[in-house]
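Spelled out, the chains give:
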Amino acid sequence: MMNRAQLKASLSRNTQAQREVRRYQRHVFEHVLLNSPNIRKPNFAQISVADLGHVFHATDEFFFGGKIGSFFEHTYASPLSFRLSKRMTISGGMTTMVREYGARPSETRFEIAVATTPLFETFNVDSQSTVGGLACRSRLEALQRIVEHEMVHLVELMLTGDSNCQAGPFRRFVKRNFGHVESNHELLTPRDVASRSLGIRCGDFVCFYRDGRRYQGLVNRITKRATVLVKDSSGVAYSDGVCYRKFYVPLNQLKKASAA
Ligand SMILES: [Zn+2]
């Protein structure tokens, strides 16, 4: 079994020619389509935590001979957990490490979360996007790039206890192994979708119905829903000196209004 130093040395030798990178990525793509419980087409309509695990392990298998997963299993007591998040709307994924105070290193827990909202929204509207600086022509390709990025976070966290995808070591590793040239994505966030499909942006004047009543207000924030501030003397005073009541409105229930 590999220890930390051996894993580090082995990964630092792991360099793929860019043509090989694309070939392995294609293998993972095909493997997932054949074996994953829900991902049966590149623009899949459903995904479960098991599918996410599948993409992760297939990537590890094709790129690293399964070393990352087997090091993990032998080093940590809890299995690596996967999560799908509907609420994460800006970043594509997130890897977290939790070690309780006084716990042994082997009791450290790790989780990889992938944001499903940008993944689904983007390919409802567009046929192509970019993750890690690489063109993705389907949900599955975008998911693979996100998992590859998070896998590098996991490796850095396991090896050093810290990880930063803006820093040199991360960028070199992710470039060398997966061909990523950026640490970001251009998947659509709910804000992009709102501004494109509904023409609504923060600061816009909108109207909506609530309990049969029509309200007008200003869009203050857009996540899965929009936060709309409606002038109301019984509301809370804001920095502009006006009192507003706050409403959370699903984006599809908003209409642009002209300022009164
Ligand atoms: Zn990152």
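Please read these numbers as outputs of a predicted model, since none were measured by experiment. (Residues numbered from 1 in each chain as written. Predicted model: local features only at pLDDT ≥ 70, side-chain atom pairs only at ≥ 80, totals over all residues. Heavy atoms only, no water.)

**Regarding the overall build of the protein chain**
Reasoning step 1: A count of helices and strands for the protein chain gives eight helices and 10 strands.
Reasoning step 2: By principal-axis analysis of the C-alpha atoms, the protein chain measures approximately 70 × 45 × 35 Å.
Reasoning step 3: In the protein chain, which comprises 260 residues, the proportion classed as buried is 45%.
Reasoning step 4: Expressed as a percentage of contacts within the protein chain between residues at least 6 apart in sequence, the contacts between residues at least 24 apart total 59%.
Reasoning step 5: A total of about 13700 Å² of accessible surface is found on the protein chain, and carbon and sulfur atoms cover 49% of it.
Reasoning step 6: Side-chain charges of the protein chain comprise 37 positive and 23 negative groups, with the mean position of each set lying 3 Å from the other. (Helix = DSSP H or I, 4+ residues; strand = E, 2+ residues; numbered from the N terminus. Buried < 20%, exposed > 50% of the residue type's maximum accessible area, 1.4 Å probe, protein only. Contact = heavy atoms within 4.5 Å. Areas by Shrake-Rupley, 256 points an atom, 1.4 Å probe, with all protein chains shown as cover. Lys, Arg positive; Asp, Glu negative; His and termini not counted. Charge placed at Lys NZ, Arg CZ, Asp CG, Glu CD.)

**Considering unusual backbone geometry**
Reasoning step 1: Within the chain, Asp211 stands out as a residue other than glycine whose phi angle is a positive 50°.
Reasoning step 2: Tracing the chain through its elements places Asp211 in the loop between strand 6 (205-210) and strand 7 (213-222).
Reasoning step 3: Residue Asp211 is classed as exposed on the basis of its relative accessible area of 78%.

**Comments concerning the sheet that holds strand 3 (residues 109-115)**
Reasoning step 1: The three strands lie next to each other as 1-3-2, forming an open sheet whose pairing is mixed. Since the sheet does not close on itself, it has two edges, and those belong to strand 1 (81-85) and strand 2 (93-98), each with one partner. Ignoring which end each strand starts from, the neighbouring axes of this sheet average 20° apart.
Reasoning step 2: As paired elements, strand 2 and strand 3 share six bridges and run antiparallel to each other. Within strand 3, the position partnered with Thr95 by the bridge is Ile112.
Reasoning step 3: Strand contacts of helix 3 (residues 49-64): strand 1 and strand 3, with the helix running at about 120° to strand 1, the strand carrying the most contacts.
Reasoning step 4: Helix-sheet contacts for helix 5 (residues 116-125) involve strand 1 and strand 3, and the interaxial angle to strand 3 is about 25°. (Pairing = 2+ DSSP bridges. Axes fitted to C-alpha atoms, helices over the stretch in contact; angles between N-to-C directions.)

**Thoughts on the packing of aromatic side chains**
To describe a pair of aromatic rings, you give the distance between the ring centres and the angle between the ring planes.
Reasoning step 1: Per the stated rule, a full pass over the model turns up 14 aromatic pairs.
Reasoning step 2: Look at Phe63 and Phe64: their rings are 6.4 Å apart centre to centre, the planes differ by 45°, and that puts the pair in the tilted class.
Reasoning step 3: Given the relative accessible area of 2%, Phe64 is considered buried.
Reasoning step 4: With a centroid separation of 4.8 Å and 65° between ring planes, the pair formed by Tyr76 and Phe110 is classed as edge-to-face. In this pair, Tyr76 sits in the loop between helix 4 (67-75) and strand 1 while Phe110 sits in strand 3, placing the two residues 34 residues apart along the sequence.
Reasoning step 5: When its relative accessible area of 7% is taken as the criterion, Tyr76 is described as buried.
Reasoning step 6: Grouped by ring-pair contacts, the aromatic residues Tyr24, Phe63, Phe64, Phe173 and Phe178 constitute a single cluster. (Phe/Tyr/Trp six-rings, centres within 6.5 Å; stacked < 30°, edge-to-face > 60°.)

**What to know about the domain arrangement of the protein chain**
Reasoning step 1: According to the domain assignment, the protein chain contains domain 1 (4-188) and domain 2 (192-256).
Reasoning step 2: A separation of 36 Å is found between the C-alpha centroids of domain 1 and domain 2.
Reasoning step 3: On the domain 2 side, the residues contacting the eight residues of domain 1 number four residues.
Reasoning step 4: Of the roughly 530 Å² buried between domain 1 and domain 2 on both sides combined, carbon and sulfur atoms contribute 61%. (Domains from an automatic or database assignment. Buried area = accessible area lost by both parts, 1.4 Å probe.)

**Some remarks on helix 7 (residues 168-178)**
Reasoning step 1: For helix 7, every residue scored as buried is listed here: Phe170, Phe173, Val174, Asn177 and Phe178. Seen end-on, helix 7 carries its buried residues on one side only, within an arc spanning 95°.
Reasoning step 2: If you follow the buried residues of helix 7, they end up packed against helix 1 (4-13), helix 2 (18-35), helix 3, strand 5 (134-136) and helix 6 (139-160).
Reasoning step 3: Residue Gly179 follows helix 7 closely and has a positive phi angle near 75°. (Arc of directions from axis to C-beta.)

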